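# Working through the structure, step by step
These are the residues of each chain, in order.
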Amino acid sequence: LFYSFFKSLVGKDVVVELKNDLICGTLHSVDQYLNIKLTDINVTDPEKYPHMLSVKNCFIRGSVVRYVQLPADEVDTQLLQDAARKEAMQQKQ
């Protein structure tokens, strides 16, 4: 469910909260393990991570992602609710 949802957000700007920092960027790709590749990134605290200022693209392992902030206007809540209902019905059978 989440994998297909994130695939629909490729090309959109997202904020990824890691265990130690926030990274903003454009979602380039995502895989079934929810590993994320971002382009055009910037770090919210450049003084803490000055070496990240020169980085333009990054790969983020899914296990270090705490939270992903999505653009509210890009989230189709009706589609998500329908998909969650379908998945719940399939698990009951």
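Residues numbered from 1 in each chain as written. Predicted model: local features only at pLDDT ≥ 70, side-chain atom pairs only at ≥ 80, totals over all residues. Heavy atoms only, no water.

### Re the nonpolar core
- Of all hydrophobic cores here, the largest spans 18 residues; its most connected members are Val 16, Ile 23, Ile 36, Leu 38 and Ile 60.
- If you list the elements that add at least two residues to this core, you get helix H1 (2–7), strand S1 (13–18), strand S2 (22–30), strand S3 (36–43) and strand S4 (57–60).
- In terms of residue count, S3 provides more of this core than any other element does, four residues in total.
- Apart from the residues within four sequence positions on either side, Ile 36 is in contact with Val 16, Leu 27, Ser 29, Val 30, Cys 58, Phe 59, Ile 60, Val 65 and Val 68. (Core = buried A, V, L, I, M, F, W, Y, C linked by side-chain atoms within 4.5 Å. Buried < 20%, exposed > 50% of the residue type's maximum accessible area, 1.4 Å probe, protein only. Helix = DSSP H or I, 4+ residues; strand = E, 2+ residues; numbered from the N terminus. Contact = heavy atoms within 4.5 Å.)

### Considering the pattern of salt bridges
- The tally for this structure, following the rule as stated, stands at two salt bridges.
- When the shortest N-O distance is used, the salt bridge between Glu 17 and Arg 66 registers 3.5 Å. You can see Glu 17 sitting in strand S1 and its partner Arg 66 sitting in strand S5 (residues 65–69), a full 49 residues away along the chain.
- With a relative accessible area of 23%, Glu 17 lands in the partly exposed category.
- Note on Arg 66: relative accessible area 52%, which makes it exposed.
- A salt bridge links Asp 82 to Arg 85; the nearest nitrogen and oxygen atoms lie 3.0 Å apart. (Salt bridge = Lys/Arg side-chain N within 4 Å of Asp/Glu carboxyl O.)

### Some details on the UniProt feature "domain: Sm" (unreviewed entry) in the chain
- This chain's UniProt record puts "domain: Sm" (unreviewed entry) on residues 4–70.
- Structurally, residues 4–70 is divided into 6% helix and 48% strand, and its ends, taken at the C-alpha atoms, are 15 Å apart. (UniProt positions renumbered as here; feature names shortened; annotations may be inferred.)

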